[in-house]
Amino acid sequence: MIERLKGLAKKHGIVVFITPMLDNEGYADVKDGRKYVFINANLSIPKQEYILCHELGHLILKHDEFSTIYHNFGKRHLEHEADTFAISQLLMNYLEETPEEYWNYNNFMEHHQIENRFEFVVKEDIKDFCLGKEIT
Ligand SMILES: [Zn+2]
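These remarks concern the structure in this document.

Here is what the cut-offs are and how they apply
- Per chain, residues are indexed from 1 in the order of the written sequence.
- Restriction of local features to residues with pLDDT of at least 70 applies here, the model being predicted, together with a cutoff of 80 or more for giving and counting side-chain atom pairs; totals for whole chains, interfaces and linings are based on all residues.
- For helices the rule is a DSSP run of H or I covering at least 4 residues; for strands it is a run of E covering at least 2, with both sets numbered from the N terminus onward.
- Here a helix's expected span is defined as the number of its residues, less one, multiplied by 1.5 Å.
- Three exposure classes are used, based on other C-beta atoms lying within 10 Å of a residue's own C-beta, which is placed from the backbone: buried for 20 or more, exposed for 12 or fewer, and partly exposed in between.
- Whether two residues are in contact is decided by their C-beta atoms, placed from the backbone, lying within 7 Å.
- Joined through C-beta atoms within 7 Å, a set of buried Ala, Val, Leu, Ile, Met, Phe, Trp, Tyr and Cys residues constitutes a nonpolar core.
- For helices, the fitted line uses only the C-alpha atoms of the stretch in contact; every axis is such a line through C-alpha atoms, and the angle between N-to-C directions lies from 0 to 180 degrees.
- By definition in this entry, angles of less than 35 degrees are roughly parallel, angles greater than 145 are roughly antiparallel, angles of 65 to 115 are roughly perpendicular, and the rest are oblique.
- The hand of a helix crossing depends on one turn: near helix anticlockwise from the far one by less than a right angle means left-handed, and clockwise means right-handed.
- Gly counts as polar in this scheme, as do all residues outside two lists: the nonpolar Ala, Val, Leu, Ile, Met, Phe, Trp, Tyr, Cys and Pro, and the charged Asp, Glu, Lys and Arg.
- Should DSSP find at least two bridges between two strands, the strands are taken to pair.

### Section: helix α2 (residues 45-60)
Here's step 1: Relative to the 22 Å expected for 16 residues at 1.5 Å per residue, α2 spans 22 Å between its end C-alpha atoms, a close match to the ideal helical length.
Here's step 2: Within the sequence span of α2, burial applies to Gln48, Glu49, Tyr50, Ile51, Leu52, Cys53, His54, Glu55, Leu56, Gly57, His58 and Leu59.
Here's step 3: The elements touched by buried residues of α2 are α1 (3-11), β1 (14-19), β2 (26-31), β3 (34-40) and α4 (75-97).
Here's step 4: Backbone geometry just downstream of α2 places Lys62 in the positive-phi region, at approximately 55°.

Below you can see the structure in the form of structure tokens.
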């Protein structure tokens, strides 16, 4: 598991459980003011990393405060926001750990099993990174 992600969860007081006892890929929850993320241990490690980032995104971007909206018309928007959050976190790690001559957005997307519809998001993030901007 990527160290950066453990640090990110810890910094936001989020407790992470990786367990084979889930019937979905993972989810985030807030109970009595405590924040949790559950991840399905049966997924590949790179996929677990993606799901963890996505669920951390929901909590860090405070999506739970929009729960009424979430269940009505905002679900797709919030899911997209959590996905772009996940992509930028994983991509920052990838670009920092990989020598520049080996950068390849396809390899990155395949590694974390990121859906093709996010290709544009990945390319934009790489462009921003190259321009020295902070990825948002
Ligand atoms: Zn989600």
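### Concerning the nonpolar core
Here's step 1: Core analysis: the biggest nonpolar cluster contains 22 residues, and Val37, Leu52, Cys53, Ala86 and Leu90 have the highest contact counts within it.
Here's step 2: Elements supplying a minimum of two residues to this core: β3, α2 and α4.
Here's step 3: For this core, the leading source of residues is α4, giving 7 residues.
Here's step 4: Those residues within four positions of Leu52 in sequence are excluded, and the remaining contacts are Leu5, Val16, Val37 and Ile39.

### Topic: the packing of α1 against α2
Here's step 1: Two elements in contact, α1 and α2, have axes separated by 11 Å at closest approach and are oriented at 25°. Considering the angle they form, α1 stands roughly parallel to α2. In the crossing of α1 with α2, the sense of the turn from one axis to the other is left-handed. In this structure, α1 uses Leu5, Leu8 and Ala9 to contact α2, whose residues at the interface are Glu49, Leu52, Cys53 and Leu56.
Here's step 2: When its residues are assigned to classes, the contact of α1 with α2 shows 6 nonpolar, no polar and 1 charged.

### Some points on the sheet that holds β2
One key point about sheets: their strands pair by backbone hydrogen bonds, in either a parallel or an antiparallel sense.
Here's step 1: Spatially, the 3 strands line up as an open sheet ordered β1-β3-β2, and their pairing is mixed. Only two strands of the sheet have a single neighbouring strand rather than two, namely β1 and β2. Each strand of the sheet is rotated relative to its neighbour by a mean of 20°, with strand direction disregarded.
Here's step 2: In this sheet, β3 lies alongside β2 in antiparallel orientation, the contact comprising 6 bridges. The partner of Gly26 across the bridge, within β3, is Ile39.
Here's step 3: Packed on one face of the sheet, α2 meets β1, β2 and β3 and runs near 155° to β3.

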